[in-house]
Amino acid sequence: MSETETYRRSSELFHRAQNYIPGGVNSPVRAFRAVGGEPLFIARASGAEITDADGNNYIDYIGSWGPMILGHAHPEVISAIKEAAERGTSYGAPTELEVEIAQEISASVPSVEKVRLTSSGTEATMSAIRLARGFTGRDRIVKFVGCYHGHGDSLLVKAGSGVATFGLPDSPGVPADLAKNTLTINFNDFAALEEVFDQVGKEIAAIIVEPVVGNMGCVLPKPGYLEKLREVTAKAGSLLIFDEVMTGFRLSRGGAQQIYDIKPDLTCLGKIIGGGLPVGAFGGCKDVMNMLAPVGPVYQAGTLSGNPLAVTAGLATLRLLKDESIYSQVEKATKTLVDGLLEAAKEEGISVTANRAGSMFTLFFTDKEVTDWESAKSSDTAKFAKFFHKMLAEGVYLPPSQFEAGFLGIAHTEKIIEQTLTAARKAFKHLT
Ligand code: KE4
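Residues numbered from 1 in each chain as written. Predicted model: local features only at pLDDT ≥ 70, side-chain atom pairs only at ≥ 80, totals over all residues. Heavy atoms only, no water.

K.L.:
What is the right way to read the overall build of the chain from this model?
P.N.:
Of the regular secondary structure elements, the chain holds 15 helices and 16 strands. For 432 residues, the compact-globule estimate of 2.2 N^0.38 gives 22 Å, and the C-alpha radius of gyration of the chain, at 21 Å, lies within 12% of that figure. Dimensions of the chain, computed from the C-alpha atoms along their principal axes, are close to 65 × 55 × 45 Å. Of all intrachain contacts in the chain linking residues separated by at least 6 positions in sequence, the fraction that spans at least 24 positions is 72%. (Helix = DSSP H or I, 4+ residues; strand = E, 2+ residues; numbered from the N terminus. Rg over C-alpha atoms; globule rule 2.2 N^0.38 Å. Contact = heavy atoms within 4.5 Å.)

Right, dumping it as structure tokens:
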């Protein structure tokens, strides 16, 4: 069948979508702009596989960008959602479900003594920043180049000329007067961190960080780096915010903070805690969280925050994740996959490096060790794009950008990993 035939329905839908939706998508990365070509429109998914509108099946390594650690359409999650839907879809009032999930999160992530639910990770990080500013009475925050925390105005900011100089808007529509309060420095750069806190530490409300980065591709903290973030913020009276929207309940039941044994002041969550439905959350120590309305003066709200269907999906997911053998299972599968990909590339003399943490991974088309945005962007994105499309043609759906993380779940069996590596050997063979 010709390529046109293979993707006919997706192509028709994409052209129709562009008449009504900017770029034909509701989130930019889905548009395949980083890899070229037209996006696939997905019709259904089950386990580790997704099926596009033309009926083509793929092994899925996006997993909805993180939520699907139990695989798509897990029967227990689906039946829980179905039962909940029979009881109505939204009440705009508190429910027992929200108490249950709050207790579940707090029991799993001990630094989260109290938690507020939202409907997205962006709302969670945006609210955590406001709360940190309200609690400390300070306006400045620190983020890291290459880290993404959703599209809140204070977080779409690029570095100014010097480490402690004003941030600059990283998108039209972000006011310069707001952006200047966000200082952006390189991840894993100890000297830049100490310089900022030596110069303006007492003005800084918070550091926000992806403790294991997923948004420049997967990048791990250097030994001692997260400890250093904790040290400088504690000394300056600033808050440390761990954005665990991606790593929460992914790297372990307690997220990255459990793996690295760091206690942040605030934690942002999302993705897995909604089981594929819209749930975000931010939480932390009681004295900070009690600054939030209606107890305290920092305002934050949401019509669908704690939505009963979304919380039902999240709660079912978190309860299934109590079987912590899942984490060693998905970590082992990810190691097998990444080791196999490195071996396959090496056989064809193709320069790649890989980073992996738990069941998150990225294959970088560079010979450099990737430890920050500078080294990540040394990757050959054109070669990545070619690899992406060759894998797609072989029935493997990777994240459509060199600077994204791939995700595995319990449905990625040994057989599926072997199928993926067979596809990769073919893709690498015809890459040059
Ligand atoms: P959402 O608002 O997209 O639910 O969450 C924002 C967010 C916050 N923090 C981290 C660490 C995140 O990874 C995200 C969102 N992740 C992207 C993937 N890189 C979502 C995919 C998309 O933007 O469509």
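Picking up after the structure, the text goes on.
K.L.:
Help me out: how do you make sense of the domain arrangement of the chain in this one?
P.N.:
It is common to give the size of an interface as the accessible area that goes away when the parts come together. By domain assignment, the chain separates into domain 1 (3–61 + 324–429) and domain 2 (75–320). Centre-to-centre separation of domain 1 and domain 2, based on C-alpha positions: 26 Å. If you look at the interface, domain 1 gives 23 residues, while domain 2 gives 22 residues. Buried surface at the junction of domain 1 and domain 2, summed over both partners, amounts to about 1,700 Å²; 62% is from carbon and sulfur atoms. For the pair domain 1 and domain 2, the interface holds zero salt bridges. If one sorts the elements of the side of domain 1 that touches domain 2 by residue count, strand S14 (residues 360–364) sits on top with four residues. Looking at the side of domain 1 that touches domain 2 residue by residue, the class counts come to 13 nonpolar, six polar and four charged. (Domains from an automatic or database assignment. Buried area = accessible area lost by both parts, 1.4 Å probe. Salt bridge = Lys/Arg side-chain N within 4 Å of Asp/Glu carboxyl O. Nonpolar A, V, L, I, M, F, W, Y, C, P; charged D, E, K, R; others polar.)

K.L.:
Where do I start with the site of the ligand in this structure?
P.N.:
Taken together, 16 residues form the shell around the ligand, and within it Ser27, Thr122, Asn215, Asp243 and Glu404 come nearest. Interatomic distance of 2.6 Å between a side-chain N/O atom of Ser27 and an oxygen atom of the ligand. In isolation the ligand offers 540 Å² of accessible surface; the protein chains occlude 85% of this area. Taken together, the residues of the shell around the ligand sort by class into five nonpolar, seven polar and four charged. (Near = heavy atom within 4 Å. Polar contact = N/O pair within 3.5 Å; in protein donor to acceptor, adjacent residues only side chain to side chain. Areas by Shrake-Rupley, 256 points an atom, 1.4 Å probe, with all protein chains shown as cover.)

K.L.:
Hey, could you run me through the packing of aromatic side chains in this one?
P.N.:
For any pair of aromatic rings, geometry is given as the distance between the ring centres together with the angle between the planes. Throughout the structure, instances matching the rule amount to 14 aromatic pairs. Among the aromatic side chains, those forming a connected cluster through ring pairs are Phe32, Tyr58, Phe388 and Tyr397. (Phe/Tyr/Trp six-rings, centres within 6.5 Å; stacked < 30°, edge-to-face > 60°.)

K.L.:
What am I meant to see in unusual backbone geometry here?
P.N.:
A negative phi angle is the norm for most residues apart from glycine, just as the trans form is the norm for most peptide bonds. Between Ala293 and Pro294 the backbone carries a cis peptide bond, its omega angle lying at 5 degrees. By the element assignment, Pro294 lies in the loop between helix H10 (286–289) and helix H11 (308–320). A positive phi angle, near 60 degrees, is found at Ser64, a position not held by glycine. Along the chain, Ser64 turns up in the loop between strand S3 (57–60) and helix H3 (75–86).

K.L.:
Explain the environment of Asp54 here, please?
P.N.:
Tracing the backbone through its elements, the reader meets Asp54 in the loop between strand S2 (49–52) and S3. Linking Asp54 and Ser10, residues 44 residues apart in sequence, is a C-alpha distance of 6.7 Å. For Asp54, the side chain forms a polar contact with the main-chain nitrogen of Ser10, separated by 3.0 Å.

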